Amino acid sequence: MTFLKRTSRSNGTMCLLLLMLIAAGGCNEKTTVNVSIAPTELEGSIRIEDGETVILSENLKRYGGEYQVNVPKPDFYELKVFPNGAEALPVTYVYLDGKDLRIETQDSAYPVVTSASARQKDVSRYYRALYDGRRTLSAAYESAKESLAAGVNRPGATGDELHVLATNLSDAQKNYTTAETAITQGFITTNRGALFSAFLLAKMDENELSKDPGYARTLFDQLDPEVKESRYGKAAGLKILEHLKASAGTMLPEVAGKNPAGKPFDPQQIRGKLTLVVFWRSVNRESARELLDLKELYKKHHQAGLEILAVSFDKTPERWNDFIQTNKLPWINICDFKGASSPNLKNFNNDRIPFYILVGPDLKIIARDIRPSELPIYLKEHLVPKAAPGSV
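Numbering of residues begins from 1 in every chain and follows the order in which that chain's sequence is written. Only residues with pLDDT of at least 70 are given local features in this predicted model, and only at 80 or more are side-chain atom pairs given and counted; all residues enter the totals for whole chains, interfaces and linings. Each side-chain value is worked out from all heavy atoms of the structure, with water and hydrogens disregarded.

Counting secondary structure elements, the chain contains 13 helices and 13 strands. Classification of the 392 residues of the chain by burial places 43% in the buried group. Contacts in the chain between residues far apart in sequence, at least 24 positions, make up 66% of those at least 6 positions apart. Using a 1.4 Å probe, the Shrake-Rupley method yields the accessible areas, and only the shown protein chains count as cover for residues. Of the roughly 20800 Å² of accessible surface on the chain, a fraction of 51% belongs to carbon and sulfur atoms. The helix and strand labels rest on DSSP assignments: H or I over at least four residues marks a helix, E over at least two residues marks a strand, and numbering proceeds from the N terminus. The buried label applies to any residue whose accessible area, calculated with a 1.4 Å probe on protein chains only, is under 20% of its type's maximum; exposed applies above 50%, and partly exposed to all values in between. Residue contacts are counted whenever heavy atoms from the two residues lie within 4.5 Å of one another.

Further remarks concern the pattern of salt bridges. Salt bridges, as used here, are contacts in which a Lys or Arg side-chain nitrogen is within 4 Å of a carboxyl oxygen on Asp or Glu. If you walk through the whole model with that rule in mind, you get 20 salt bridges. Asp 132 is the salt-bridge partner of Arg 128, the closest N and O atoms lying 3.3 Å from each other. Note that Arg 128 and Asp 132 are positioned in helix α2 (residues 118-153) at a spacing of 4 residues, about one turn of the helix. Owing to a relative accessible area of 27%, Asp 132 belongs among the partly exposed residues under this scheme. For Arg 154, the salt bridge goes to Glu 161, with nearest N and O atoms at 3.6 Å.

On to the packing of helix α4 (residues 179-190) against helix α7 (residues 213-222), then. How two helices sit against one another is set out by the angle between their axes and by the gap between those axes. Where helices are involved, their axes are fitted lines through C-alpha atoms of the stretch in contact, as for all axes, and angles between N-to-C directions lie from 0 to 180°. Contact pair α4 / α7: the axes reach a minimum separation of 8 Å and the direction vectors enclose 30°. With respect to each other, α4 and α7 are oriented roughly parallel. Judged by the sense of rotation from one axis to the other, the crossing of α4 with α7 is left-handed. Each of Gln 185, Ile 188 and Thr 189 in α4 lies in contact with α7, whose residues at this interface are Tyr 215, Leu 219 and Gln 222. Of the residues belonging to the contact of α4 with α7, the class tally is 3 nonpolar, 3 polar and no charged. Under this scheme an angle from 65 to 115 degrees is roughly perpendicular, one under 35 degrees roughly parallel, and one over 145 degrees roughly antiparallel; angles in between are oblique. In a left-handed crossing the near helix is turned counterclockwise from the far helix by less than a right angle, and in a right-handed crossing that turn is clockwise. Basically, the charged four are Asp, Glu, Lys and Arg, the nonpolar ten are Ala, Val, Leu, Ile, Met, Phe, Trp, Tyr, Cys and Pro, and anything else, Gly included, counts as polar.

Turning our attention to the nonpolar core. Nonpolar cores were defined as sets of buried Ala, Val, Leu, Ile, Met, Phe, Trp, Tyr and Cys residues, with membership established by side-chain atoms within 4.5 Å. Phe 76, Tyr 126, Tyr 127, Phe 196, Leu 201, Leu 223 and Tyr 232 are the most contacted members of the largest nonpolar core, which has 32 residues in total. If you list the elements that add at least two residues to this core, you get β6 (92-96), α2, α4, α5 (195-202), α7 and α9 (231-244). Top element by residues in this core is α5. It accounts for 7 residues. In this structure, Trp 280, Tyr 298, Phe 323 and Leu 383 belong to the second largest nonpolar core, which totals 25 residues.

The subject of this paragraph is the sheet that holds strand β1 (residues 31-37). Strand pairing in a sheet relies on backbone hydrogen bonds, with the paired strands running either antiparallel or parallel. Overall, mixed pairing links the 4 strands, which are arranged β4-β1-β7-β8 in an open sheet. Strands at the two margins of the open sheet, each flanked by one partner only, are β4 (65-71) and β8 (112-115). Put simply, the sheet's adjacent strands are angled 25° from each other on average, direction ignored. When DSSP finds two or more bridges between two strands, those strands count as paired. Judged from the 4 bridges that link them, strand β7 (residues 101-104) and β8 form a sheet pairing that is antiparallel. Pairing of Leu 101 across the sheet is with Ser 115, part of β8. In this fold α2 packs onto β7 and β8, with an angle of close to 155° to the strand it touches most, β8.

Here the focus is the side chain of Lys 239. Residue placement: Lys 239 occurs in helix α9. Polar contact criterion, stated in full: a pair of N or O atoms within 3.5 Å, where within protein one must be able to donate a hydrogen and the other to accept it, and residues adjacent in sequence count only if both atoms are side-chain atoms. There is a polar contact of 2.8 Å between the side chain of Lys 239 and the backbone oxygen of Met 204.

Another point: the pairing of strand β13 (residues 365-368). Relative to β13, strand β12 (residues 355-359) runs antiparallel, the two sharing 3 bridges. Bridging across to β13, Ile 357 finds its partner in Arg 368.

In this chain, Ile 353 is followed by Pro 354 through a cis amide linkage whose omega measures -5°. One non-glycine residue, Lys 328, lies in positive phi territory at about 50°. The residue Lys 328 is located in the loop between α11 (317-327) and β11 (332-335) in this model. Using a relative accessible area of 65% as the deciding quantity, one classes Lys 328 as exposed.

Let us look at the packing of aromatic side chains. Put simply, two rings from Phe, Tyr or Trp (the six-membered ring, in Trp's case) pair if the centres are within 6.5 Å, and we call them stacked under 30 degrees between planes, edge-to-face over 60, tilted for the rest. A full pass over the atoms with the stated rule returns 19 aromatic pairs. Between Phe 187 and Phe 196, the ring centres sit 6.1 Å apart and the planes meet at 80°, which makes this aromatic pair edge-to-face. One exposure class covers both Phe 187 and Phe 196, and it is buried. Seen in terms of ring centroids, Trp 320 and Phe 337 are 5.4 Å apart; in terms of plane orientation they differ by 80°. Their pairing is edge-to-face. In this pair, Trp 320 is assigned in helix α11 and Phe 337 in the loop between β11 and α12 (343-347), connecting sequence segments 17 residues apart. Judged by relative accessible area, Phe 337 falls into the partly exposed class, the value being 27%. Among the aromatic side chains, those forming a connected cluster through ring pairs are Phe 76, Tyr 93, Tyr 95, Tyr 110, Tyr 126, Tyr 127, Phe 187, Phe 196, Phe 199 and Tyr 232. For a lysine, the NZ atom is tested; for an arginine, the CZ atom; a charge sits over a ring if that atom is within 6 Å of the ring centre and within 35 degrees of the ring normal. Lying across the ring of Phe 220, Lys 228 places its NZ or CZ 5.7 Å from the centre.

Looking now at the environment of Pro 260. Relative to the helices and strands, Pro 260 resides in the loop between α9 and β9 (274-280). Classification of Pro 260 as partly exposed rests on a relative accessible area of 39%. For Pro 260 and Cys 335, which are 75 residues apart along the polypeptide, the C-alpha to C-alpha distance reads 8.3 Å. Beyond its immediate stretch of four places on either side in the chain, Pro 260 contacts Trp 320, Asn 321, Ile 324 and Asn 333.

Okay, the sheet that holds strand β10 (residues 306-312) next. The sheet built from 5 strands is open, its strands ordered β11-β10-β9-β12-β13 with mixed pairing. Every other strand in the sheet has two partners, leaving β11 and β13 as the edge strands with one partner each. Across this sheet, the average inter-strand angle for adjacent strands is 20°, counted without regard to direction. Here β9 pairs with β12 via 5 bridges, running antiparallel.

What follows is the structure, encoded as structure tokens:
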């Protein structure tokens, strides 16, 4: 359940910063661009825009069209194609810098754009790589699906053979669904001097970035110095740093709050223990229910070194204290009573409850965004059983 939309805090700050950086680098750079749209049998419309500013909006025509458009400044702009009676094509980007632009909308999952602009050539190569990669992986998936179907219908096929075929299909499907991420990462690695590489990092999906901010940092570090110093490079760097907070392998960030007795939390309370940090709120039914479900787990593993740090986002001390006392919560309970304004949200780069982070005895984060069903696996891997008395 979303507790606080990221756009209202860290992501909102990043978006605002990105817009400010773009605006600061693009004053008084208006230019015109000649845009030609190739003849097409595709019925629908095409649009180039930047947020709410529409640069071009035209219907697709069999004989094509020539247009001269005013561009606020040289930059990347969204290109959208809306076929009649069908889903829109994926949003792509074009770079407009005064060079003539030609757009073709047929025979590709992405519009094909040609231009003398060096930066647009980078953009076009990226979408060509996406198209070719997806087509190849789609063919591999269909082939694996046909092989499994043939195996199932083949007399005498063994269980081991069918298992191999099913695994191949699963791998092919996974490769296809993760194709865009893999191709994007490959493009950035091989195009370190391209502004579009920094642009892709700055536009990286929040969920994808949260999965592995360390790798995103590795990609950013590979960019050429001048690309890092561009407005998109700076925005990407700050966005990645924001997501590196409380990521796996980093130290436990500052935790704000006091226990029911009014004593501030001290990280030394959990040093030497395997600690599950739980974000919750008593008025949030899902998080409160899951918190209570942890009592049996805590009772079973506490003597072996498991601790729980329950960080509440309640705003009413009486309600929070009453919930703790009524349900006899035996672990470390803290709250700063600031709700959605709590610094714990920013410090942990998190906007949801319930939310779980596992911290090692050295106060380094082992994993974040853990599901309750995964806890037994993590405990088996990281909780060291205490030796029996008298054992060697």
